[in-house]
Amino acid sequence: MPPPPPPAAGICRGRCVLSFAAARDRCFSRRFLRAGLRPLAVPLPAPGAGADTAPATTVHMWVPSKPPRNPLLLLHGFGASATWQWAPYLRPLIAAGFDPIVPDLVFFGASCTGLPDRSDAFQASTIKAAMDAIGVTRFGLVGVSYGGFVGYRMAAMFPEAVERLALICAGVCLEEKDLAEGLFPVAGVGEAAALLVPRRPEEVRRLVRLTFVRPPFIMPSCFLWDYIKVMASDHIQEKTDLLYALINGRQLSTLPKLTQPTTIIWGEQDRVFPMELAHRLNRHLEGNSRLVVIKNAGHAVNLEKPKEVCTNIIEFFKEPVAEAANGDDKV
């Protein structure tokens, strides 16, 4: 998931005197605080290690100030930390009666690990352990893009915990051979990593233009360098390893089918994960899902059309279970 579009070019005169990215990050954090969430660092020991050992993993998450009654786990995609991707959703979800829980996945934001595993199963186990640590054992789940991969794996591994889930532009049904066969704008895992882990302004521009239907016309280099320095310069190798672990050898035949009701939300003009993957996933879940297509939106549908996406999330999680999955496309 790319950064939000940059501001107008007027802030730049060759270089940014002040860090817009750092200021925006603080602004998003304040929005979380005003919504009644608090930041929490959850230390987790290595699997099999005693509780008195030093933590191998730390998960940073935003949690409700009061014990949640209707918890909804929100998992972000590649890009900046979770606050950048979920800030527009907090107040509508809370007003609808949900208690958002918003973690940074490992190697994003302030979450990190000393363990070598880079699989989506490791991410899923880690977030599940963090949820157990804060006393939340059953919850709804929303995952966007990479967060959808992790959320899908969580639902498969922990069906007793994940009650139902919404997947937003999450190409979990992709196969490694799809890259070579031209389904995506990249031809291999290495090129995908270069796209999703940008290191230079021109790479950020390509990512934004690929993921937004209406990208900003002007993207000043000073802002993009500032964004890379503040939000995208940490754990570059680890994030690249996450992509290799996600895609290498991936086959649809090995993807488990979910038992939970699932809604699939997709930007009609998604060029990162084309609509073919949305229909493929809907077929794979064999009537246990429904597909919602958002017009005039691309892969960054959660940023381009937050009101529409949020409305669909709320409607889905408020429905009785019997109505929550029907297999029908909705445009």
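Right above here is the structure, for reference.
All of these numbers come straight from a predicted model, not from anything done at the bench. (Residues numbered from 1 in each chain as written. Predicted model: local features only at pLDDT ≥ 70, side-chain atom pairs only at ≥ 80, totals over all residues. Heavy atoms only, no water.)

J.: I tried to follow empty space enclosed by the protein on my own but got confused; where do I start?
T.: Space left empty within the atom packing is revealed by a probe, the size of a water molecule, rolled over the atoms. For the coordinates displayed, the defined rule picks out two cavities of 30 Å³ or more. In this structure, the largest cavity spans a volume of roughly 220 Å³. As for the largest cavity, its lining consists of 19 residues, of which Ala192, Leu196, Ile247, Val272 and Phe273 are closest to the centre. Sorting the residues of the lining of the largest cavity by element identifies helix H5 (146–157), helix H7 (189–196) and helix H10 (236–247) as the ones contributing at least two each. The class makeup of the residues in the lining of the largest cavity is 17 nonpolar, two polar and no charged. (1 Å grid on protein atoms, 1.4 Å probe; cavity = no way out; pocket = protein on both sides within 12 Å on 5 of 7 lines; lining within 4 Å. Points joined across faces, edges and corners; volume = space filled by probe spheres on them. Helix = DSSP H or I, 4+ residues; strand = E, 2+ residues; numbered from the N terminus. Nonpolar A, V, L, I, M, F, W, Y, C, P; charged D, E, K, R; others polar.)

J.: In this structure, what is going on with the packing of aromatic side chains? I would like to understand it.
T.: Two numbers describe a pair of aromatic rings. These are the distance of the centres and the angle of the planes. Overall, the coordinates contain 12 aromatic pairs when judged by the stated rule. An angle of 75 degrees between the planes, with centres 5.2 Å apart, marks the rings of Trp86 and Tyr89 as edge-to-face. Each member of the pair Trp86 and Tyr89 is classed as buried. Following the ring pairs from residue to residue traces out a cluster consisting of Phe28, Trp84 and Tyr227. One cation-aromatic arrangement involves Lys128 over Phe158; the distance from NZ or CZ to the ring centre is 5.2 Å. (Phe/Tyr/Trp six-rings, centres within 6.5 Å; stacked < 30°, edge-to-face > 60°. Buried < 20%, exposed > 50% of the residue type's maximum accessible area, 1.4 Å probe, protein only. Lys NZ or Arg CZ within 6 Å of the ring centre and 35° of its normal.)

J.: What should I look at first to understand helix H4 (residues 120–133) in this one?
T.: For an α-helix the count is 3.6 residues per turn, leaving residues at separations of three or four pointing the same way. Taking 1.5 Å of rise per residue, 14 residues should cover 20 Å, and H4 covers 20 Å from first to last C-alpha, within 8% of that figure. Within the sequence span of H4, burial applies to Asp120, Phe122, Gln123, Ala124, Thr126, Ile127, Lys128, Ala130 and Met131. The positive-phi residue at the C-terminal boundary of H4 is Gly135, with phi of around 85 degrees. (Expected span 1.5 Å × (residues − 1).)

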